[in-house]
Amino acid sequence: MTFATLAGTESSEWLAVQDIEVIYDGAILAVAGVSLRVGQGDIVALLGANGAGKSTTLKAISGLVQADRAQVSRGRIVFQGQDTAGVAANLLARQGIVHVLEGRHVFAHLTVEDNLRSGGFLRKPTRRELEQDLERIYAWFPRLKTKRKTQAGLTSGGEQQMLAIGRALMTQPRLVLLDEPSMGLAPMLVEEIFAIVAQLNAEEGMSFLVAEQNINVALRHASYAYILENGRVVSEGDATELAAREDLQHFYLGGKAR
Ligand SMILES: Nc1ncnc2c1ncn2[C@@H]1O[C@H](COP(=O)(O)OP(=O)(O)O)[C@@H](O)[C@H]1O
Ligand SMILES: [Mg+2]
């Protein structure tokens, strides 16, 4: 079997999640029938309320499900022509998939710069390459440069989110799985972060799959979106079309205290 037949022949099949089911602890069905696509160079949004299955879907794609005692029990995930089910997260990271977890995980006791350095080791860079990578990240996130010597735990929520993204970028990913970057941040910072995502996408061709409850900001920056409810895709479409749909606006803006 060739990779081409596995993945289908369209170039839009860069990342294809095909009808996956994910079960935690061999018993809890968290995702049941999610299919989605991300084309190379796309920004795609994965929207839904708390508990809808967004994080679980991202973990299935990055291979981190296994670390959470979960498994993809049905369906397929194909990245660049290869079936990635059961492939360990560190191997997928080498192929260009990086996952920025929900809740801006940083090493609180390390400096901002040491946090970034920790993201670079996967590639075993020379000292000089590492310095160049750091400068690249600082060019994207000037705020991080001003805080380079500060302990990460002492920086603001927005800076920690930028740091979590910056550390992920140290792996030089092709696909970034970004889990709720807006969570708990002031609107201005959310805009700043999404603007950087848009720029990374436009200038470096990096692809993003962004999980969000904040549907308005996500739909403004994504080209396509999927809406999850109870572990299933209940709606999908071009971002501009979804943004114009009143039922979604009511459901998410009316039904959620945030
Ligand atoms: N580690 C876990 N163990 C058991 N159940 C989990 C775990 N993580 C998530 N779940 C369950 O899976 C479902 C989807 O959760 P999640 O993917 O975190 O949704 P979202 O990211 O959209 O809020 C929820 O019902 C949640 O309770
Ligand atoms: Mg989540």
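Just above sits the structure.
Counting of residues starts from 1 at the beginning of each chain's written sequence and follows it residue by residue. As a convention, the first chain written is A and the first ligand written is 1, with the rest following in written order. Whole-chain, interface and lining totals are the exception, using all residues; otherwise, since this is a predicted model, local features are given only for residues with pLDDT of at least 70 and side-chain atom pairs are given and counted only at 80 or more. Here the side-chain values reflect all heavy atoms present in the structure, with hydrogen atoms and water set aside.

A short note on the environment of Pro125
Link 1 in the chain: Tracing the backbone shows Pro125 in the loop between α4 (112-120) and α5 (127-140).
Link 2 in the chain: Residue contacts are counted whenever heavy atoms from the two residues lie within 4.5 Å of one another. Residues in contact with Pro125, not counting those within four places in the same chain, are Gly120 and Leu130. To qualify as a helix, a DSSP run of H or I must reach at least 4 residues; to qualify as a strand, a run of E must reach at least 2; elements of each kind are numbered from the N terminus.

Details of helix α2 (residues 54-62)
Link 1 in the chain: Here α2 lies mainly inside the structure; 9 of its 9 residues are buried.
Link 2 in the chain: To sort residues, take the accessible area from a 1.4 Å probe on protein chains only and compare it with the maximum for the residue type: under 20% means buried, over 50% means exposed, and anything in between is partly exposed. Buried residues of α2: Lys54, Ser55, Thr56, Thr57, Leu58, Lys59, Ala60, Ile61 and Ser62, and no others.

Notes on the nonpolar core
Link 1 in the chain: Take the buried Ala, Val, Leu, Ile, Met, Phe, Trp, Tyr and Cys residues and link them wherever side-chain atoms come within 4.5 Å; each set so joined is a nonpolar core. In terms of nonpolar packing, the biggest core is built from 46 residues, with Leu47, Phe141, Leu144, Leu169 and Phe208 touching the most fellow members.
Link 2 in the chain: Here this core gets 7 residues from one element, more than from any other, and that element is helix α8 (residues 187-204).
Link 3 in the chain: Once residues within four sequence positions are removed from consideration, Leu144 is found in contact with Val112, Ile137, Tyr138, Glu159, Met162 and Leu163.

As for the pattern of salt bridges
Link 1 in the chain: Take a side-chain nitrogen of Lys or Arg and a carboxyl oxygen of Asp or Glu: if they are within 4 Å of each other, that pair is a salt bridge. Using the criterion set out here, one finds 16 salt bridges in the structure.
Link 2 in the chain: In this structure, Arg117 and Glu131 form a salt bridge, with 3.2 Å as the shortest nitrogen-oxygen distance. On the criterion of sequence distance, the pair formed by Arg117 in helix α4 and Glu131 in helix α5 is long-range, its members being 14 residues apart.
Link 3 in the chain: The exposure class of Glu131 is partly exposed, given its relative accessible area of 31%.
Link 4 in the chain: A salt bridge links Lys145 to Glu135, with the shortest nitrogen-to-oxygen separation between them at 3.0 Å. Taken together, the residues span a long stretch of sequence, with Lys145 in helix α6 (residues 142-146) and Glu135 in helix α5 at a distance of 10 residues.
Link 5 in the chain: Among the residues examined, Glu135 registers a relative accessible area of 36% and is labelled partly exposed.
Link 6 in the chain: A single salt-bridge network, built from bridges that share partners, covers Glu113, Asp114, Arg117, Glu131 and Arg148.

What to know about the sheet that holds strand β5 (residues 82-83)
Link 1 in the chain: DSSP bridges decide pairing: two strands pair if at least two such bridges lie between them. Taken together, the 4 strands give an open sheet; going across it, the order is β2-β1-β4-β5, and neighbouring strands pair in antiparallel fashion. Every other strand in the sheet has two partners, leaving β2 (28-38) and β5 as the edge strands with one partner each.
Link 2 in the chain: Here strand β1 (residues 15-24) runs beside strand β4 (residues 70-79); their pairing, made up of 8 bridges, is antiparallel. Residue pairing for β4: Ala16 is matched across the bridge by Val78.
Link 3 in the chain: Axis geometry follows a simple rule: fit a line to the C-alpha atoms, using only the stretch in contact for helices, then measure angles between N-to-C directions, giving values from 0 to 180 degrees. Across the face of the sheet, α2 comes into contact with β1, β2 and β4 while running at roughly 115 degrees to β1.

A few points about the coordination of the magnesium ion (ligand 2)
Octahedral metal centres with six donors ideally show angles of 90 or 180 degrees, and tetrahedral centres with four donors ideally show 109.5 degrees.
Link 1 in the chain: Water is absent from the atoms considered, so a metal site may look incomplete; donors are defined as N, O and S atoms within 2.8 Å of the metal, or 3.2 Å for Na, K and Ca. Distances from the magnesium ion (ligand 2) to its protein donors, namely Ser55 (OG) and Glu102 (OE), fall within the range 2.0 Å. Here Ser55 is found in helix α2, whereas its partner Glu102 is found in the loop between β6 (97-100) and α4, with 47 residues between them in sequence.
Link 2 in the chain: On the basis of relative accessibility, which here comes to 30%, the residue Glu102 falls in the partly exposed class.

Focus: the layout of surface pockets
Link 1 in the chain: Here the term cavity refers to a set of points on a 1 Å grid, laid over the protein atoms alone, in which a 1.4 Å probe fits but cannot get out; the term pocket refers to an open set having protein on both sides within 12 Å along at least five of seven lines, with lining residues being those that place an atom within 4 Å of a point. Grid points are joined across faces, edges and corners, and a volume is the space filled by probe spheres set on the points. Estimates place the volume of the largest pocket at around 440 Å³.
Link 2 in the chain: Around the largest pocket, the lining comprises 18 residues; the ones closest to its centre are Leu64, Ala93, Val98, His99 and Thr171.
Link 3 in the chain: Broken down by secondary-structure element, the contributors of at least two residues to the lining of the largest pocket are α3 (89-94), β6, α4 and α7 (157-169).
Link 4 in the chain: The element that contributes the greatest number of residues to the lining of the largest pocket is β6, accounting for 4 residues.

Observations concerning the site of ligand 1
Link 1 in the chain: Residues in contact with ligand 1, as listed here, are Tyr24, Ile28, Ala30, Ala49, Asn50, Gly51, Ala52, Gly53, Lys54, Ser55 and Thr56.
Link 2 in the chain: Between N or O atoms, a polar contact is any pair within 3.5 Å; within protein, one atom must be a potential hydrogen donor and the other a potential acceptor, and residues adjacent in sequence are included only when both atoms are from side chains. Between an oxygen atom of ligand 1 and a side-chain N or O atom of Ser55, the distance comes to 2.8 Å.
Link 3 in the chain: For ligand 1, an oxygen atom lies 2.5 Å from a polar atom in the side chain of Thr56.
Link 4 in the chain: The Shrake-Rupley method, run with a 1.4 Å probe, gives the accessible areas here. Residue values count only the displayed protein chains as cover. Across the complex, the protein chains shield 68% of the 550 Å² of accessible surface that ligand 1 would expose by itself.
Link 5 in the chain: At the level of elements, β2 and α2 are the ones that each hand at least two residues to the shell around ligand 1.
Link 6 in the chain: Counting residues per element, the shell around ligand 1 draws most heavily on α2, at 3 residues. We call a residue near a given molecule or strand whenever any one of its heavy atoms falls within 4 Å of it.

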